[in-house]
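Fold and contact review
So the chains spell out like this:
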Amino acid sequence: MIFLAEHAPVLAIAVPLLAAFLMPLLGRAGAKIRNLVAFAAIAFAGIEVALLALNVLANGVVTYAVGAIAPGLVSPAGFPVRIVMEIDALSTFMAVASVSIALLACVYSMQAMKKHENLDKYFALMLLMTAAMLGMVFTGDLFSLFVFLEILSIASAGLIAFYSGRGESAEAGFKYLAVSSVAALMVLLAAGFLYSQYNLLNMAALAGAMRFSFLDKFALVLLASAFALKCGAVPLHMWVSDAYGEAPAAVSAMLVVASQAGLYALFRVGFTLYGSMPLIDLLGLAMIVLGVLSMFIGVTMAIKQSDIKRLMAYHAVSQTGYMLLGVGVGLSVLGNAAMVSEFGFRAIQGGLFHVFNHALYKGLLFFTAGAVFYVAGTRDMNKLGGLAHKMPYTAVFFLFGALAIAGMPPFNGFASKLIIYESVFEFSPVLSAIAMVVSLLTLASFVKAFSGIFLGPKEAVQAGVKEVPIGMLAPMAILAALVLLFGLFPDLVLEWLVNPAVNALLGQCGYIGAVV
Amino acid sequence: MISSVFIAVACLIGLGFCALVFKRNLIKIAMAIVVMGSAANLFLVSLGYRENAIAPIFTSAPELWMVLPTPQSLTLTSIVISLAVSALMLSFAIIIYRQYGSLDSGKRRLSE
Amino acid sequence: MMIETGAGFWSPLAMVAVVGAVAIAVFIARSFGRKNAGKDAGQALPFFSGNVVKDARIRPANMYWGFFEALHDYYFALKKMHSGIVNDYFFWFVLVIAAMAALFIFSGVL
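Here's what I pulled together on the structure shown here. (Residues numbered from 1 in each chain as written. Chains lettered and ligands numbered in written order. Predicted model: local features only at pLDDT ≥ 70, side-chain atom pairs only at ≥ 80, totals over all residues. Heavy atoms only, no water.)

**What about the interface of chain A and chain C?**
When the parts of a complex come together, some accessible area is lost, and that lost area is often taken as the interface size. What counts here: Whether two residues are in contact is decided by their heavy atoms, any of which lying within 4.5 Å being enough. By definition, the buried area sums, over both parts, the 1.4 Å-probe accessible area that each loses when the two are put together. Whenever two N or O atoms come within 3.5 Å, that pair is a polar contact, provided that in protein one can donate a hydrogen and the other can accept it, and provided that, for residues adjacent in sequence, both atoms are side-chain atoms. Under the scheme used here, helices are H or I runs from DSSP no shorter than 4 residues and strands are E runs no shorter than 2 residues, and both carry numbers assigned from the N terminus. Residue polarity follows a fixed list, in which Ala, Val, Leu, Ile, Met, Phe, Trp, Tyr, Cys and Pro are nonpolar, Asp, Glu, Lys and Arg are charged, and the others, Gly among them, are polar.
The interface is formed by 66 residues belonging to chain A together with 46 residues belonging to chain C. Taken together, the two surfaces of chain A and chain C that pack against each other cover about 5,000 Å², and 78% of this comes from carbon and sulfur. Where chain A packs against chain C, one counts 9 residue pairs in polar contact (both at pLDDT 80 or more). Looking at the side of chain A that touches chain C, the elements that each hand over two or more residues are α7 (167–198), α9 (214–231), α10 (238–246), α12 (281–302), α16 (412–427), α17 (429–453), α18 (470–488) and α19 (490–506) of chain A. Grouping the amino acids of the side of chain A that touches chain C by side-chain chemistry returns 46 nonpolar, 10 polar and 10 charged.

Below you can see the structure in the form of structure tokens.
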């Protein structure tokens, strides 16, 4: 037990990684064993993440030197050597969201993908995605951030193009991989720029040694643009609709949390790496502009779509805009202690809470879209109708997800959006008004989607439609229950997950002090 | 004065971006990404260079003035990643050619 | 229980309690009316212009027609932006890098 808790950072990444490479071997022994091992690997990673989260809540920043005799030997001679993993409350916040969605996506895929071939490769790639997401949020090193980012991109591209009999899936995978690898190259160049000046790759040591020269600021421009592309901010969002739309449903849910890992990297660079730069509020301004553009363009494109998964993909872009707006407002006032305590803290709190809620309700929505596709064989809303007669549970879960994303009380979307509205209002009322209009348009587009797919006369349903099996209903039910639970008791998430994460973002010194 | 290696890296990255924005063939897009990856590798290796230094191998080293080994390990990792990305992108291009009959990026079906 | 937003507070349980109380009041008011009013009187049948049409519904593509007509120019520009061609994706990426670098330069930072 002590072994599990002490080596939690590395075990959480290594066990899914090992299981990923065992998938083809286990596939020979049968589908049941392979599925069981995949589920067990992600569940084990979940246990490690939970132990690590408790450790971080109790003891502050946790560091781990990979490959040393003892994990605590991070700076034996006063400066960090080896690859150091540095886990603070923001890392565990993202890890908890990622591993929960990964576990539910694994359970969902076991039923939804039963009729397909090549499932060994599917589960291997899904485990690689989980390991890469956890690696990205746990690492304290800029170059290993690049490596895990590339692993995530490659595994996701393979999963997006999984239905390889269709040209559209391969086209979506090609576009996703092309833009992701160029973005990762920009991250590599920025790491090279920073390494060339300071001979350091460790993010905490870099933050302490940073002198903000011309090359450093150019590196910030490259890093910010690359991570803005990875999280799907407008005008770098066009890959999102292709990728999320063509991927299998469980993969779309995991892509949501993968994009949020890119958002984590953006926050890490902005707040921790460059947090003490004079005029860092320019990056905050850029995030606010990207956020407002994403919100508005995302929702206006979404309301026009006829394909249910492309509609949800554009809504993912729009909701990412809310997160960027909230945290951008917080970053803009970072230097001003009075404003931070007035509304900056709450803006970042709202943005991060929205990250968590979005993972939950967007996962739920993609699972229901996958259920509709599993039963009806089409994603076009114009050809569907009246499905609530035959699929009542799926309809109710879709309704929960739709009301949550539109920000209706008492679901969890309302809680985080309320915090964003009220704190952004104190920064600038116009932004808050735009956010509310976007929320209205979100509701309108989901009314269109719900009535188009589920409502309507019984005669409009195709033949042979019946409710999806329990293997797909169970993850949806769990997510719907969580959406309602965190809407009724939002202070649970706020107190234990979000507030420590906000304090970790605002407290750059704790992050630096743990290593240097 | 900026070393000629860095000017070469900047030119290669610029050429890569030009090809990505203007060339329509999917294979040329994949090639451009590989060229940009090679430029980044060149940049990383050249960061560790020291004048009149030998390779960073301790065994039987004639002197201890060595090139930095860390950028070399970063470059090895980056080469492997670039290999995986190019392999996957080219296989996607093959599937697209088989299904669409053309390698033109303008003949896309996912739009709007 | 309750979260404190900067300008006030939000208590979801209070809202559920109020909604529940109103729902009970509505239910009590309904129970004073006629039992089984209007069952099987054709309330669930879809009608178009007074005729029963068995499988009629408004297709999702036709909803919000007025909204799309009013914003026709905006959607025209938006459709041109979302061409789906990979090269345009990279064009926007270069543009964002250039715009961010220009933002940092013209404010005297770089």
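Right, picking up where we left off after that structure.
**Some thoughts on the nonpolar core**
Residue and element names in this part refer to chain A. The cut-off we apply is this: Take the buried residues of types Ala, Val, Leu, Ile, Met, Phe, Trp, Tyr and Cys, join any two whose side-chain atoms come within 4.5 Å, and each joined set is a nonpolar core. Residue exposure (1.4 Å probe, protein chains only): buried if accessible area is under 20% of the type maximum, exposed if over 50%, otherwise partly exposed. Each domain's extent was defined by an automatic or database domain assignment.
Within the largest apolar cluster, 280 residues are counted, with the highest numbers of intra-cluster contacts made by Phe-138 and Tyr-274. Here this core gets 21 residues from one element, more than from any other, and that element is α7. Shared between two domains, this core holds at least three residues of each, these being domain 1 (1–278) and domain 2 (291–498). In this structure Tyr-274 touches Leu-194, Met-210, Phe-212, Asp-216, Ala-219, Leu-220, Leu-223, Val-269 and Ile-280, once residues within four positions along its chain are discounted.

**Notes on the interface of chain A and chain B**
Heads up, the rule is: Any Lys or Arg side-chain nitrogen found within 4 Å of a carboxyl oxygen on Asp or Glu counts as a salt bridge.
Facing the 40 residues of chain A at the interface are 34 residues of chain B. Summed over both sides, the interface between chain A and chain B buries roughly 3,100 Å², with carbon and sulfur atoms accounting for 80% of that surface. Counting the surface chain A buries against chain B, the share from its top three residues, A:Glu171, A:Phe174 and A:Tyr195, is 21%. Remark: the boundary between chain A and chain B carries 1 salt bridge. Counting across the interface, chain A meets chain B through 7 residue pairs in polar contact (both at pLDDT 80 or more). Among the secondary structure elements, those contributing two or more residues to the side of chain A that touches chain B are α6 (142–160), α7, α10 and α13 (308–332) of chain A.

**Some details on the packing of α13(A) against α17(A)**
Residues and elements named next belong to chain A. The condition that has to hold: Lines fitted to C-alpha atoms define the axes, with helix axes restricted to the stretch in contact, and inter-axis angles between N-to-C directions lie between 0 and 180 degrees. Angle categories: roughly parallel below 35 degrees, roughly antiparallel above 145, roughly perpendicular from 65 to 115, and oblique for all the rest. A crossing counts as left-handed when the near helix is turned anticlockwise from the far one by less than a right angle, and as right-handed when that turn is clockwise.
It is at 11 Å that the axes of α13 and α17 come closest, and there the two elements cross at 160 degrees. Between α13 and α17, the angle falls in the class roughly antiparallel. Crossing of α13 against α17: the hand is left-handed. Touching Ile-308, Leu-311, Met-312, His-315, Ser-318, Gln-319, Tyr-322 and Leu-325 of α13 are Leu-431, Ala-435, Val-438, Ser-439, Thr-442, Ser-445, Phe-446, Ala-449 and Ile-453, all from α17. Within the contact of α13 with α17, the residues separate by chemical class into 11 nonpolar, 6 polar and no charged.

**A few points about the pattern of salt bridges**
Under the criterion given, the structure shown has 12 salt bridges over all chains. For A:Glu168, the salt bridge identified is with A:Arg166, shortest N-O distance 3.6 Å. You can call A:Glu168 buried: its relative accessible area is 16%. Where A:Arg379 meets A:Asp307, a salt bridge forms, and the shortest distance between an N and an O atom there is 3.2 Å. Here A:Asp307 lies in the loop between α12 and α13 and A:Arg379 lies in the loop between α14 (337–376) and α15 (392–405), a separation of 72 residues in the sequence. Look at A:Arg379 and you get buried, because its relative accessible area is 11%. When its relative accessible area of 17% is taken as the criterion, A:Asp307 is described as buried. In this structure, a network of salt bridges that share partners links the residues A:Arg166, A:Glu168, A:Glu246, A:Asp307, A:Arg379 and B:Arg109.

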